[in-house]
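Each chain, letter by letter, is given below.
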Amino acid sequence: TRDDHLLLESVADLLESADVDLRSLRRKIVLLTEEAKGKDHRSVATALVKLASCETEPTRKVKCLTRALPLYERDHGTDSVKVAAVLGNLGAAKGALGDAAGMRDCLVRALSIKEDVYGSNHPTVGVTLNNLGKALTDLGEVKSARDYLERALVINEQQY
């Protein structure tokens, strides 16, 4: 039925707390949501992000998050913290695949959004700075990496 995806989403949320492997269930939720709502519906974007969170293969994570990103940008605005979260996760997945340039590009965008929303000294900004420093290190951009890592260290020392 049209609401099967809602029922499965509720079941998946319950099972997630029980540490059950949810990949196949989350994949089914994406398919049912696409059937019920259409491939470009905001519920599909949410289902894709949730699927990405339980995927263990970085290639699959990238695929899910790459599909979800333009939907999140359309529905929440390009400067939304929800978009920044997708960008951060997409950057991490690209980094896991050895795509340091892709990781950097995602994290630069995420950092800009987070600094605009939270300010430059927020803990979530520190995490992004640290991850960006790693991407730049992997790219051999040691001077830039050091600058980001030093900023992250200052935030971490202030917060913790």
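Note that the coordinates shown come from a computational prediction; the quantities given were computed from them, not determined experimentally.

J.: Is there a simple way to think about a nonpolar patch on the surface in this case?
T.: A contiguous nonpolar patch, built from Val81, Val117 and Tyr118 and spanning about 230 Å² of accessible area, is present on the exposed surface. Positionally, Val117 belongs in helix α6 (residues 100-118).

J.: Help me understand the packing of helix α7 (residues 123-138) against helix α8 (residues 142-159) in this model?
T.: The relative placement of two packed helices comes down to the angle between their axes together with the axis-to-axis distance. As a packed pair, α7 and α8 sit with axes 8 Å apart at the nearest point and diverge in direction by 155°. Relative to α8, the element α7 is oriented roughly antiparallel. Here α7 and α8 pass one another in a crossing that is left-handed. Within the contact between the two elements, α7 uses Pro123, Val125, Gly126, Leu129, Asn130, Leu132, Gly133, Leu136 and Thr137 and α8 uses Ser144, Ala145, Tyr148, Leu149, Arg151, Ala152, Ile155 and Gln159. Class assignment of the residues belonging to the contact of α7 with α8 gives a composition of 10 nonpolar, six polar and one charged.

J.: Help me understand the nonpolar core in this model?
T.: For soluble globular proteins, the rule of thumb is that nonpolar side chains tend to be buried together. Counting 30 residues, the largest nonpolar core has Tyr72 and Leu87 as its most contacted members. Among the secondary structure elements, those contributing two or more residues to this core are α2 (23-37), α3 (42-54), α4 (58-76), α5 (81-96) and α6. Looking at this core, the element that brings in the most residues is α3, giving eight residues. Those residues in contact with Leu87, other than ones at most four positions away along the chain, are Leu69, Cys106, Arg109, Ala110 and Ile113. Formed by 11 residues, the second largest nonpolar core is a distinct cluster that contains Met103, Leu132, Ala135 and Leu136.

Cut-offs applied
- Residues numbered from 1 in each chain as written.
- Predicted model: local features only at pLDDT ≥ 70, side-chain atom pairs only at ≥ 80, totals over all residues.
- Heavy atoms only, no water.
- Patch = residues over 30% accessible without salt bridge, like charges linked within 9 Å, V, L, I, M, F, W, Y side chains within 5 Å.
- Areas by Shrake-Rupley, 256 points an atom, 1.4 Å probe, with all protein chains shown as cover.
- Salt bridge = Lys/Arg side-chain N within 4 Å of Asp/Glu carboxyl O.
- Helix = DSSP H or I, 4+ residues; strand = E, 2+ residues; numbered from the N terminus.
- Axes fitted to C-alpha atoms, helices over the stretch in contact; angles between N-to-C directions.
- Parallel < 35°, antiparallel > 145°, perpendicular 65-115°, else oblique.
- Left-handed = near helix turned anticlockwise from the far one by under 90°.
- Contact = heavy atoms within 4.5 Å.
- Nonpolar A, V, L, I, M, F, W, Y, C, P; charged D, E, K, R; others polar.
- Core = buried A, V, L, I, M, F, W, Y, C linked by side-chain atoms within 4.5 Å.
- Buried < 20%, exposed > 50% of the residue type's maximum accessible area, 1.4 Å probe, protein only.

Any functional reading would require information beyond the geometric quantities listed.
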